[in-house]
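Descriptive structure summary
Each chain, letter by letter, is given below.
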Amino acid sequence: MTAPDARRAVEAVWRIESARLIAGLARVVRDVGLAEELAQDALVSALEQWPETGVPRNPGAWLMAAAKNRAVDQFRRDRNYQRKLAEIGRALEEDHVPDAAEGVGEINDDLLRLVFTACHPVLSPDAQVALTLRLLGGLTTDEIARAFLVAESTVAQRIVRAKKALAKAGVSFEVPAENERAERLAGVLGVIYLIFNEGYSATAGDDWMRPDLCADALRLARVLARLVPGEPEVHGLVALLEIQASRTRARVGPNGEPVLLLAQNRARWDQLLIRRGLAALEKAGHGPYSLQARIAACHARARRPEDTDWLRIAGYYEALAVVAPSPVVALNHAVAISFAFGPESALELVDELVEEKALKGYHLLPSVRGDLLARLGRAGEARAEFERAAAMTRNARERALLLDRAAACG
């Protein structure tokens, strides 16, 4: 095997196995930072040895064994190595890498612990996102930095500080007690949702979408649904992301330009993802992600834009405003009202949001207002709103779209 072939093989295995590898090591060494270091050491060993020996039959087991051997070597050098070595020894005896037919529950428990650790509330949202993508998504620091358009050094610092914060706070590598799980699970879902949204509508940069980021978030959501299958809101998030991801190909034109929902070629929507989303929706509940998934399902079921059940969508937004009230939800509700009952009544609702502090820098407020004004024939006012929205957004593709809409107003 050539060195480039080995590198590609190692990278592919790392994407698949890294989360389970780090999770299994963290249970043994009780330290997420150390677990990642050991996993990286195993990765280096693979890069050195696989070009000569070839990819092993069970590459995940090979990496785990290499990392645990490294852990034993490291603890031998520790002043308290006797105690640590005994712990590692017991773990190695009890914790062998399972075959496909055994140990699945244990692996799932490790992954669930890792999810809750990476998204621990002691960390800032930015740190939670970076650590989740690093530990569970298998992304490099450079990949995370490019995804969020920040310096690689910034992401590296976030990850280092996150590990230190977890260690300083004495965060246990465990699934929280049942009385704490609901609150912590909401944070986990929020991190995955944030990752997906950044990929679906990039806040800045030259690209309208970052599909790889959407794919990472969707994969994390699917993993979480397998780990906690009894949580309806997890299935709600999976349903939402599956259906939203189904539109990916139709959301971008041939030159990378944005294509808005009502202008999309629905024949390009991925029907497999829609079916998966609708199946997950059957297990969902009535929380915020489940309600958003029901809204997405209304669009997915409409073969043509004019077939969309806007009245039902408006009702779902009303329910969403009860369980998760926010000015953004109110704005989306107004959009649904505009299609269900006409732009004039919706404009009154949007005008009530103009003074909302939370929407002061939110470019979609003037964008929605511009759309409503254009539909009412108030072209001059619409143009001014689209231009204001264009000045607010940091995404180059979206700015071009908004300026085109302004120009179209004459």
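Use the structure listed above.
Now for a look at the structure at hand. Note that the structure is predicted; figures quoted are calculated from it, not measured. (Residues numbered from 1 in each chain as written. Predicted model: local features only at pLDDT ≥ 70, side-chain atom pairs only at ≥ 80, totals over all residues. Heavy atoms only, no water.)

1. Some words on the overall build of the protein chain
For clarity, the cut-off: Numbering goes from the N terminus for both helices and strands, where a helix is a DSSP run of H or I of at least four residues and a strand is a run of E of at least two. This radius of gyration counts C-alpha atoms alone. The globule rule is 2.2 Å times how many residues there are, raised to the power 0.38. Relative accessibility under 20% of the residue-type maximum defines a buried residue, over 50% an exposed one, and the middle range a partly exposed one, all with a 1.4 Å probe and only protein chains included. Throughout, a contact is declared for two residues whenever any of their heavy atoms are within 4.5 Å.
Secondary structure assignment for the protein chain yields 19 helices and 2 strands. Over its C-alpha atoms the protein chain spans a radius of gyration of 24 Å, differing by no more than 12% from the 22 Å that the globule rule assigns to 410 residues. Once the C-alpha set of the protein chain is aligned to its principal axes, its extents read approximately 80 × 50 × 40 Å. Per-residue burial over the protein chain gives 47% buried out of 410 residues. At a minimum sequence separation of 6, the contacts of the protein chain that also span at least 24 residues come to 63%.

2. Some thoughts on the nonpolar core
For clarity, the cut-off: Working definition of a nonpolar core: buried Ala, Val, Leu, Ile, Met, Phe, Trp, Tyr and Cys residues. They are joined through side-chain atoms within 4.5 Å.
Ranked by internal contacts, the top residues of the largest apolar core, which has 93 residues, are I192, L224 and L241. Counting residues per element, this core draws most heavily on helix α1 (residues 3-29), at 12 residues. Not counting residues within four places of it along the chain, the set of residues in contact with I192 comprises A217, L220, A221, L224, L237 and L241. Judged by nonpolar contacts, the second largest core, of 30 residues, contains I295, L372, L373 and L402.

3. Overview of the environment of A204
Note that A204 resides in strand β1 (residues 204-205). For the pair A204 and L133, spaced 71 residues apart in the sequence, the C-alpha separation amounts to 19 Å.

4. A word on the packing of aromatic side chains
Our working definition: A pair of aromatic rings is counted whenever rings of Phe, Tyr or Trp (Trp by its six-membered ring) have centres within 6.5 Å, and the orientation is called stacked for planes under 30 degrees apart, edge-to-face for over 60 and tilted otherwise. In this scheme, the term charge over a ring applies when either NZ of a lysine or CZ of an arginine sits within 6 Å of the ring centre and within 35 degrees of the ring normal.
Tallied over the full model, the rule gives 4 aromatic pairs. Seen in terms of ring centroids, F196 and Y200 are 5.5 Å apart; in terms of plane orientation they differ by 20°. Their pairing is stacked. Here F196 pairs with Y200, and both are found in helix α9 (residues 178-200), just 4 residues apart, close to one helical turn. Like Y200, F196 is buried. The interplanar angle of 20° and the centroid separation of 4.5 Å between the aromatic rings of W310 and F339 together place this pair among those described as stacked. With W310 in helix α14 (residues 310-323) and F339 in helix α15 (residues 327-341), this residue pair connects regions lying 29 residues apart in the sequence. In this structure W310 comes out as buried when scored by relative accessible area, which is 13%. Here the basic side chain of R247 rests over the ring of W269, its NZ or CZ set 5.7 Å away from the ring centre. One residue, R375, lies across the ring of F339, its end atom 4.3 Å from the ring centre.

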